[in-house]
Amino acid sequence: MIPYKTTLQIDRSGKQPIYLQLANQFVGLIKKNVLVPGAKLPGSRTLAAQLSVHRKTVIACYDDLLLQGWIVSIPKKGTFVHQNIPTLQKRAFIDTMEVPGTQEAGFSFFKEPLLERPLVERLPGYHYLNDGVSDVRLTPMKAIAKEYRSLADRKNSLRYLGYDTTYGNPRLREVLVTYLNETRGLHITKDQLLITRGSQMAMYLAARTLMAPNTYVVVGETNYIAADLTFQHAGATLLRVPVDENGLNTDAIAHLCKKHDIKAVYVTSHHHHPTTVMLSAERRMQLLNLARTHRFAIIEDDYDYDFHYDHSPILPLASHDANGNVIYVGSVCKTVAPVYRVGYLVAPRAFVDQCAKLRRFVDRQGDSLLEAAFANFIKSGDLDRHIRKVLKHYALRRALFCTLLEQLFGTVFTFEIPKGGMAVWVRLQKGYEWRTISEQAKKHGLIIGEWQRYDMAKTGHNGIRMGFAAYNEEEIRTVLKKLYLAVQDSIPKKMD
C-alpha cells in the first residue's frame, strides 16, 4: 500500500486548485510506474480522510483522471489505474526523477552551421561596447502611448485585432509611401511596399525569393554579418569586392559580372556597414547601370538614413532607379527603438507580391495595432520631431567620442570621424590584437563582444565598429577609460 498521506503533497496557499494538485501527482506516480497498470486506488472517503480534504475534492480529482484516461471506474469494484497504459520508456542515462523538458532532445534535428556564433555575455555591472545602436532612453514613449490609447478608445479599432493582410496595415503602407516619397525621393505606390517586422525580415524575404543554391551575390570584403549569413542560408555563394573611401568598388563588380551570372549586389550605400563610408555618386550611377545591363538585383539596406550630421542625407539608390532593379530595405527600429518591429521592403510590385506570399510561412501577419499606431505617429509629425531631437544628442556624443578616441588612443587607433550613423570604424595599429584587448577589457568591466564578425573575409584589416549613440557623456568617458586600461594592459603582449 502506497503511503498516500506522505506521498501526496498539498499546497493550500497555492493558486492551483487542490484537486488538480492531486490529479497531477497521481499522473506522476503512474508515469514513474509507482502506480502500475491495474493498481486499485483508495476510495474517495478513505483518501479524503488520509489527506484531510473534503471528499468532493477527491471525487473531482478522480473525475479529472477519468476524463484524461489515466484511470477507470468499475461499478461495485472501485477505481483502478488504466490497464492499457504502457510503461514510459526512458534512456538509461536519464534520471527517472529528472524534470520533464530538461533532458536532451530524443530526436535528431538539423543544426545550421551558420548560426553557430558565440553569444555575447550579458553580465550585471559590465559596460558593453556596441556596434552602433540607438539610445532607448530617448524613445518617445508618451507620443507612441498616446497613439495606442487613441486607437484603443475607438470601436472601429477592433478590426486590428483579427487576421489581416500579409502586406501589412493598409494605412501604414499609405503613410509610409507618402513619407518615403517625400523624404527619400522615391516614386512608389502602395503596391510596391510591404511592411515587415524590421529590416532583417525584409532581407530574409528578399533573399529567399531571389536566391537558390549556387547563385552568386556580391558583397563587400567588409560587410554586415547578418546579411552575409542570410544570403548564405538561402544557398547563395558570396563574391566579395574591396571597399575603400568611396564605398564598394564597382569596377570589381563589373569584372565579376564578366565571369559569373550575378543574382544580386548587397549595398549599404548611405553609410557602409561596418566602415561607415558613403558610396560615391559616380559609383552609384555605375552600379545602377551594371544592374540594368546584367539584370541583377540591388539590395539596398538603408539602415541609418535618418542619422546624418554634417549635411543633408544622400538620397538612396532607389530614388534613381528607373529600371526596377533596386530592392529597398529599411525600418524604424533604429530610429525609434529596436522593440518596435516595423520595417519595410520596397520593390517592383510582382516581387513584393511574391514576398508577401512567402511571408505566410514564417509570419502570418505583423502587429496591426502597432502598425496603425505608427501610421498615426508618422502622420502627426512625431517621428520627424523625434529624429530632430536625437540628432542633436547623437551629434554631441559623436564629437565627444571621437575627441576622446584621438586623445586616448591616437597612437593605437586610426579612424575617420563618420559623417553620419551611430558608430565609428576603428582600426588597430599593427602589433596589437583585438583578442588580447578584449580579454583585458573584461577584467576592467567592459565587454567588447564578437569582434571577429567584422572580418569574415579574413583580410586582417584589424578594424571594428564602436557605437557612440547609446551612451551619454558620462558613459562615453567610462567606456573609453575602461578600453584605455585594457589597451595599456595589452602593450606588454605587443607582437614583434
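This section reports on the structure supplied with the text. Values in this document were obtained by computation on a predicted structure and should not be read as measured data.

A word on the pairing of strand β12 (residues 326–331)
Item 1. Within β12, six of the six residues are buried, leaving the element largely enclosed by the surrounding structure.
Item 2. Burial along β12 is two-sided: the face carrying V326, Y328 and G330 and the face carrying I327, V329 and S331 are both buried.
Item 3. For strand β11 (residues 297–301) and β12, the ladder comprises four bridges, and the chain directions are parallel. Within β12, the residue paired with I298 across the bridge is V326.
Item 4. Bridge count between β12 and strand β13 (residues 343–346): four bridges; the pairing is antiparallel. For S331, the partnering residue across the bridge sits in β13 and is G343.

Describing the environment of Q21
Item 1. Its location among the elements puts Q21 in helix α2 (residues 18–31).
Item 2. Judged by its relative accessible area of 9%, Q21 is buried.
Item 3. The spatial distance from the C-alpha of Q21 to the C-alpha of N289 is 71 Å, given a sequence separation of 268 residues.
Item 4. Beyond its immediate chain neighbours, meaning those up to four positions away, Q21 contacts Q9, I10, D11 and Q16.

Topic: helix α11 (residues 349–359)
Item 1. What α11 keeps buried is the set F351, V352, C355, A356 and R359. Mapping the buried residues of α11 onto a view down its axis gives an arc of 140°, with all of them on the same face. Seen from the buried face of α11, the exposed residues on the opposite side, beyond 90 degrees, are A350 and K357.
Item 2. Check the buried side of α11 and you find it contacts β5 (193–196), α7 (199–210), β12 and β13.

Here's the deal with the layout of surface pockets
Item 1. By volume, the second largest pocket amounts to about 500 Å³.
Item 2. Forming the walls of the second largest pocket are 20 residues, and the residues nearest its centre are E245, T275, V277, E416 and W425.
Item 3. Looking at the lining of the second largest pocket, the elements that each hand over two or more residues are β8 (243–244), β14 (413–415) and β15 (423–428).
Item 4. Partitioning the lining of the second largest pocket into residue classes produces seven nonpolar, seven polar and six charged.

Section: a nonpolar patch on the surface
Item 1. Side chains of L408, Y484 and L485 sit close together on the surface and give an oily, nonpolar patch of about 210 Å² of accessible area.
Item 2. Within the secondary structure, L408 sits in helix α13 (residues 382–409).
Item 3. Owing to a relative accessible area of 32%, L408 belongs among the partly exposed residues under this scheme.

A short note on the side chain of S269
Item 1. Tracing the backbone through its elements, the reader meets S269 in the loop between β10 (262–267) and α10 (281–294).
Item 2. The class for S269 is buried, based on a relative accessible area of 2%.
Item 3. Once you skip the residues sitting within four places of it in the chain, S269 turns out to touch V277, M278, L279, R284, E300 and L317.

Comments concerning the nonpolar core
Item 1. With 48 residues, the main nonpolar core has L193, I253, L287, F296, I298 and F374 as its most contacted residues.
Item 2. Among residues more than four places away in sequence, those in contact with I253 are V218, V241, L248, V265, L287 and L290.
Item 3. Counting 39 residues, the second-largest nonpolar core is a separate cluster that includes L428, Y454, I464 and F468.

Thoughts on the packing of aromatic side chains
Item 1. One pass over the full model with this rule turns up twelve aromatic pairs.
Item 2. Consider the rings of F307 and Y394, whose centres lie 5.6 Å apart with planes at 50°: the pair is tilted. Here F307, found in the loop between β11 and β12, pairs with Y394, found in helix α13; they are 87 residues apart in sequence, far enough to count as distant.
Item 3. Among the aromatic side chains, those forming a connected cluster through ring pairs are F409, F413, W434 and Y484.

A short note on the sheet that holds strand β3 (residues 78–81)
Item 1. Reading across from one edge, β1-β3-β2 is the order of the three strands in this open sheet, with antiparallel pairing throughout. At either margin of the open sheet sits one strand with a lone partner, and together these are β1 (40–41) and β2 (71–74).
Item 2. Both β1 and β3 contribute to a ladder of two bridges, which runs antiparallel. Within β3, the residue paired with L41 across the bridge is T79.
Item 3. Running over the sheet, helix α4 (residues 55–68) touches β1, β2 and β3 and is turned about 110° from β2.

Definitions and limits used
Residues numbered from 1 in each chain as written. Predicted model: local features only at pLDDT ≥ 70, side-chain atom pairs only at ≥ 80, totals over all residues. Heavy atoms only, no water. Buried < 20%, exposed > 50% of the residue type's maximum accessible area, 1.4 Å probe, protein only. Helix = DSSP H or I, 4+ residues; strand = E, 2+ residues; numbered from the N terminus. Pairing = 2+ DSSP bridges. Contact = heavy atoms within 4.5 Å. Arc of directions from axis to C-beta. 1 Å grid on protein atoms, 1.4 Å probe; cavity = no way out; pocket = protein on both sides within 12 Å on 5 of 7 lines; lining within 4 Å. Points joined across faces, edges and corners; volume = space filled by probe spheres on them. Nonpolar A, V, L, I, M, F, W, Y, C, P; charged D, E, K, R; others polar. Patch = residues over 30% accessible without salt bridge, like charges linked within 9 Å, V, L, I, M, F, W, Y side chains within 5 Å. Areas by Shrake-Rupley, 256 points an atom, 1.4 Å probe, with all protein chains shown as cover. Salt bridge = Lys/Arg side-chain N within 4 Å of Asp/Glu carboxyl O. Core = buried A, V, L, I, M, F, W, Y, C linked by side-chain atoms within 4.5 Å. Phe/Tyr/Trp six-rings, centres within 6.5 Å; stacked < 30°, edge-to-face > 60°. Axes fitted to C-alpha atoms, helices over the stretch in contact; angles between N-to-C directions.

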